[in-house]
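What the coordinates show
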Amino acid sequence: MMERREFLRRAVAGAGAVAFGGGLSGAAAGQQAVERRNERPGMTYARLGRTNLMVSRIGHGSLYTNRERIPLLDRLCEGGVNFFDTSHIYGGGRSEDALGEFFGRDGRRKNVFIGTKMDLRAQMKAGEGVYAKAMDYAESSLRRLKTDYVDIMMLHGCTTLIDLVENPEWLRAAEDLKKQGKARFIGFSEHAKPAEVLTRAAACGKYDMAMVAFSLVKSKWGSMGRTDIKSMEPALAAARKADMGVVAIKAAVRAEEILAATSDPKLKKKGFSVHQLCYRYVLGVPGVHAVVCGMTNMTHVEENLKVPAIDLAAGDVERFRDVAAASRACGFCGTCLDACPNGIAVQDILRFHCYWGNGYRSAARAQYAALPPHQKATACRGCGACEDACPMGVPIRLRLREAHHVLA
Ligand code: SF4
Ligand code: SF4
């Protein structure tokens, strides 16, 4: 086990704080002590709000991390990545196991920031057992991660019930974990309603940071009132006022569909991937400090390490937003979820289908299997309310049938 109080390298922020986009840079952060780990040339770093952690602008999302992918962690560290995000639900604990195996050796733990997430939705919906389960999950995560503290403990998946972020039992557990030295900072993740959830969390004042799903696909959806850039701007401003760190997730959602729907030469240009563009886009949004990327092979790693250095002109951003909007790709906005009178987990099922299409078949099937029967595609009554509400015109009923066919 690592020692709880590690050596903290502290320095005055400002120098090299942020290269572009989000973060409190220069004067705003200049008076505060920040904590730096594993900083390397070629990577850029941002102060993650009031955590004062200087996180690499490219972080590692560990949904598909396992022991076979440990060499990727080595290369990411070599490239200056210092922020690693995981959860006990990823691979049934295999992701945390792999991070523990790698960072638990040779003093590596002290060189990085690790965040993990706990899924308490079942207990919150049942209205009981939240505190006990939170403490239990924290212990098992620490054991798998082979550490005695995480830098950030997050509540996972605040999308379906936005008021999860204010659950008093979770917040009590989070505060106790902080007091016990098992979690340094508190955050949450959400997958569909970043503007609403972020605004609510900033107002409640309890959170040090947030991980929110925000992508190029969603940026132009003016009619949504919650996921487009115009809705995100005030939410990000509220987070900034509360000095919360903001990390984008699911930023390359539907990247291949965007690419397939365009002949734009800039997107087709050799040596420039649409995933890189998607990640670079969110890093350019003011108030976004970092983006976590799922990386499952060395090509992904090498591409993503180059993202912070990509020069993206303002005119290009506007054009790419138009291209993404015209692609009519599902951006997992969650509108269909709210529109369904029968409580089908529409957005989740589409997301699992996407995982399946990206090659993560057993993980996708496992997540679909975990849904209760009344939320699965087979419980759909075909009313079409979801399609009427969808801003992208996705043929949802057909997609649900397709998803069930491969996931069941
Ligand atoms: S199908 Fe439509 S409404 Fe549902 S998540 Fe995708 S874009 Fe949003
Ligand atoms: S078609 Fe199915 S998923 Fe869509 S709103 Fe109706 S019951 Fe819900």
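This one's a predicted model, so the numbers in the text were calculated from it and none came from an experiment.

**Quick notes on the overall build of the protein**
A tally of helices and strands in the protein yields 18 helices and 12 strands. Taken across its 408 residues, the protein has 51% of its residues classed as buried. When contacts within the protein are restricted to residue pairs at least 6 apart in sequence, long-range pairs at least 24 apart make up 73% of them.

**A look at the site of ligand 1**
Lining the immediate environment of ligand 1, one finds 14 residues, of which Cys330, Cys333, Cys336, Cys390 and Val394 sit closest. Of all the elements in the fold, those that place two or more residues in the shell around ligand 1 are helix 14 (335–339) and helix 15 (346–357). Split into classes, the residues belonging to the shell around ligand 1 amount to 10 nonpolar, four polar and no charged.

**Things to note about the site of ligand 2**
Cys340, Cys380, Cys383, Ala385 and Cys386 are the nearest of the 14 residues found near ligand 2. Elements represented by at least two residues in the shell around ligand 2 include exactly helix 17 (385–389) and helix 18 (396–407). Within the shell around ligand 2, the residues separate by chemical class into nine nonpolar, three polar and two charged.

**Looking at the nonpolar core**
Ala210, Val212, Val282, Val291 and Val346 are the most contacted members of the largest nonpolar core, which has 119 residues in total. If you count residues domain by domain, this core takes at least three from each of domain 1 (10–326) and domain 2 (335–407).

**What about unusual backbone geometry?**
Phi is positive for asparagine 52, which is not a glycine, with a value near 60°. We note that aspartate 243 has phi near 55°; this positive angle belongs to a residue other than glycine. With respect to the helices and strands, the residue aspartate 243 is situated in the loop between helix 8 (229–241) and strand 11 (245–249). The exposure class of aspartate 243 is partly exposed, given the 19 C-beta atoms found within 10 Å.

**Comments concerning the pairing of strand 11**
Regular strands show a simple pattern: their side chains alternate between the two faces of the sheet. Burial of strand 11 is extensive: five of the five residues sit out of reach of the surface. Judged from the five bridges that link them, strand 10 (residues 209–213) and strand 11 form a sheet pairing that is parallel. Bridged to valine 212 within strand 11 is alanine 248. Across two bridges, the pairing between strand 11 and strand 12 (residues 290–294) is parallel. Within strand 12, the residue paired with alanine 248 across the bridge is valine 291.

**Some words on the confidence of the model for the protein**
Of the residues in the protein, 83% reach a pLDDT of 70 or more, and the chain-wide mean stands at 83. Scored below 50 in pLDDT, residues 1–30 shows 62 contacts in the model against residues more than four places distant or in partner chains.

**What to know about helix 11 (residues 274–283)**
A large share of helix 11 lies buried, amounting to nine of its 10 residues. When we look at burial in helix 11, the residues that qualify are Val274, His275, Leu277, Cys278, Tyr279, Arg280, Tyr281, Val282 and Leu283.

**Comments concerning the environment of alanine 132**
Mapped onto the secondary structure, alanine 132 falls in helix 5 (residues 130–145). A count of 12 C-beta atoms within 10 Å places alanine 132 in the exposed class. Linking alanine 132 and glutamate 169, residues 37 residues apart in sequence, is a C-alpha distance of 9.0 Å.

**Focus on the sheet that holds strand 12**
Taking strand neighbours around the barrel as the criterion, the eight strands line up as 5-6-7-8-9-10-11-12 in a closed arrangement whose pairing is parallel. Pairwise comparison of adjacent strand axes, ignoring direction, gives a mean angle of 25° for this sheet. Here helix 5 sits on the sheet and contacts strand 7 (113–118), strand 8 (150–155) and strand 9 (183–190); the angle it forms with strand 7, its principal contact strand, is near 140°.

**Focus: the environment of alanine 290**
Among the structural elements, alanine 290 can be located in strand 12. In the structure, alanine 290 is positioned 18 residues away from proline 308 in sequence and 9.8 Å away in space, judged by C-alpha atoms. The contacts of alanine 290, once residues within four sequence positions are left out, are Ala46, Leu48, Val55, Ser56, Arg57, Gly59, Phe83 and Val247.

What counts, and where the lines are drawn
Residues numbered from 1 in each chain as written. Chains lettered and ligands numbered in written order. Predicted model: local features only at pLDDT ≥ 70, side-chain atom pairs only at ≥ 80, totals over all residues. Helix = DSSP H or I, 4+ residues; strand = E, 2+ residues; numbered from the N terminus. Buried ≥ 20, exposed ≤ 12 C-beta atoms within 10 Å, placed from the backbone. Contact = placed C-beta atoms within 7 Å. Near = placed C-beta within 6 Å. Nonpolar A, V, L, I, M, F, W, Y, C, P; charged D, E, K, R; others polar. Core = buried A, V, L, I, M, F, W, Y, C linked by C-beta atoms within 7 Å. Domains from an automatic or database assignment. Pairing = 2+ DSSP bridges. pLDDT = per-residue confidence, 0-100. Axes fitted to C-alpha atoms, helices over the stretch in contact; angles between N-to-C directions.

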